Structure formats: structure tokens, C-alpha cells
Amino acid sequence: MPQIKYIIRILSQVGPKRVFILVSLILLSNVIEGIGLATVLPVLVVASGESIGGSEIANKIVTIFRDLGLPTDLTSLCLIVGLGLIGREIVMFVTMTYVGRVIADIAFSYRQRMLSAFLVADWKYFSESELGQMTITLTTFTNLAASAVNQSVKTLAILLRTLVYLSLIIFISGYFAFIAFLAGLVSLFILSGLIKSS
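Rules and cut-offs
- Residues numbered from 1 in each chain as written.
- Predicted model: local features only at pLDDT ≥ 70, side-chain atom pairs only at ≥ 80, totals over all residues.
- Heavy atoms only, no water.
- Axes fitted to C-alpha atoms, helices over the stretch in contact; angles between N-to-C directions.
- Helix = DSSP H or I, 4+ residues; strand = E, 2+ residues; numbered from the N terminus.
- Parallel < 35°, antiparallel > 145°, perpendicular 65-115°, else oblique.
- Left-handed = near helix turned anticlockwise from the far one by under 90°.
- Nonpolar A, V, L, I, M, F, W, Y, C, P; charged D, E, K, R; others polar.
- Contact = heavy atoms within 4.5 Å.
- Patch = residues over 30% accessible without salt bridge, like charges linked within 9 Å, V, L, I, M, F, W, Y side chains within 5 Å.
- Areas by Shrake-Rupley, 256 points an atom, 1.4 Å probe, with all protein chains shown as cover.
- Salt bridge = Lys/Arg side-chain N within 4 Å of Asp/Glu carboxyl O.
- Buried < 20%, exposed > 50% of the residue type's maximum accessible area, 1.4 Å probe, protein only.
- Core = buried A, V, L, I, M, F, W, Y, C linked by side-chain atoms within 4.5 Å.

> Go over the packing of helix α4 (residues 74-120) against helix α6 (residues 133-172) with me, naming the residues and quoting the values.
In contact at an axis separation of 9 Å, α4 and α6 are set at 150° when each is read in the N-to-C sense. With respect to α6, the element α4 is oriented roughly antiparallel. The two elements α4 and α6 meet at a crossing, and its hand is right-handed. For the contact of α4 with α6, a count of residues per class yields 15 nonpolar, five polar and three charged.

Below you can see the structure in the form of C-alpha cells.
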């Protein structure tokens, strides 16, 4: 997959410490969301008036909650769902704030490197080039480079969310995971054809 290699190459420019922080924050937000979503099933079972013991999947989730010492009544389960969604949004806000700072730093460092290169460049080249070429290079190209980092982080977030959802569905039911995998392959096949034709 050339796209994955391209994303890794872009993120390697950010630095290992920053990438570790970004991956940790994104993974944390997706795990929190996964816990919130896993709680929805027992909530639906309890809200419909059925006993949790009647649903094997809900029973698995409730057993895990009881092992962790969490209450399993309807109010508590709804609270866990709400806290999971709120927690995810808080972590994603912190993540995107950090991403904004990283992007600003990257744009600033690219501009510094470009200015340094301009100062040691042959000025004859600039006197023969179009008016404003230096400004376009300093602003547009550095903004595009910083935007590539932003898009790479968003792609990484989607990839990690997919892995969390996949783990969740495998935990709930291997059969559903297999059906979801087949549906994903069909969607990928159809969409890749449409993307190539456009």
C-alpha cells in the first residue's frame, strides 16, 4: 500500500515523540468511544424489558463490567455511554489542539528552512523568475506541507478507530465480524472502481 508508506513518511517528519503522543491520544479517544459503544447493547436489552441473561453478547459485556466493579443497572449503563462519548470528545479536542500546534510548528520550520535556502541561493534565479514566486513558495507550499501532516493525522485516526471497532465486533461476535469484513471488501471493490474512473 503506497498510501500507508506515504503517511508514515509524512509523520516521520513530525518526530517520534510527537507521533507517540498523537497515536496515544487518538488511541485513547477511540478506546473510550469503544467502551461507550459496547455499553449500548446492554442498555438496549435492559430498556426493552428483557433480562440481560437472555442475550449472550450483552451478558458478556455485563460480566466484564461486574468484574471491573461497575454497576449494571440501566441508569449506570446510560451514564457509562454518555461519559464514554463525552470523554472521547474531550480527548479528541485535546488531540486536535495538539495537532494544530504541531502543524504550526512544522509550517514555521519549513518557512525558516526556505528563508535560509533563499539567502544562500543564486539571486539571478529570483531576478529572472515571476514576481511573487518567492511569496507563493513561502506561503502556499509550506501551508500545503503542513496540511499534509493534518491529513495524515486524520487518516491515522480513522485507521485506529477502525481497529478499535474491529476488535469490538470480534469480541461481540466472530460471525458479525466476518460479515462486516465481507461487506467492507465489497465496498472497497466498488469504491476503488469509482475512484479510478473519476
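From this point, things continue past the structure.
> Explain the environment of Val-102 to me, using residue names and the numbers behind them.
Here Val-102 shows up in helix α4. Between the C-alpha atoms of Val-102 and Leu-22, which are 80 residues apart in sequence, the distance is 9.8 Å. Setting aside its immediate chain neighbours within four residues, Val-102 contacts Val-14 and Arg-18.

> An account of a nonpolar patch on the surface is needed here, citing residue identities and associated values.
A contiguous nonpolar surface patch, about 830 Å² in accessible area, is contributed by Tyr-175, Phe-176, Phe-178, Ile-179, Phe-181, Leu-182, Leu-185 and Leu-188. Within the secondary structure, Leu-182 sits in helix α7 (residues 174-197).

> Describe the side chain of Ser-29, naming the residues involved and giving the relevant values.
On the secondary structure map, Ser-29 appears in helix α2 (residues 16-47). Apart from residues no more than four positions distant in its own chain, Ser-29 is found in contact with Arg-88, Val-91 and Met-92.

> Could you give an account of the environment of Thr-95, with specific residues and numbers?
Inspection of the secondary structure assignment puts Thr-95 in helix α4. Taking relative accessible area as the criterion, Thr-95 reaches 0% and is therefore assigned buried. Separated by 71 residues in the primary sequence, Thr-95 and Ser-24 have C-alpha atoms spaced 9.4 Å apart. Once residues within four sequence positions are removed from consideration, Thr-95 is found in contact with Leu-25 and Ile-26.

> How would you summarise the nonpolar core if you had to cite specific residues and measurements?
Core analysis: the largest hydrophobic core is formed by 17 residues, its most contacted members being Leu-11, Val-14, Ile-26, Val-149 and Val-153. The element that contributes the greatest number of residues to this core is α6, accounting for six residues. Other than its neighbours up to four places away in sequence, Leu-11 contacts Val-19, Ser-152, Val-153 and Leu-156. Judged by nonpolar contacts, the second largest core, of eight residues, contains Val-43, Leu-77, Val-81 and Leu-168.

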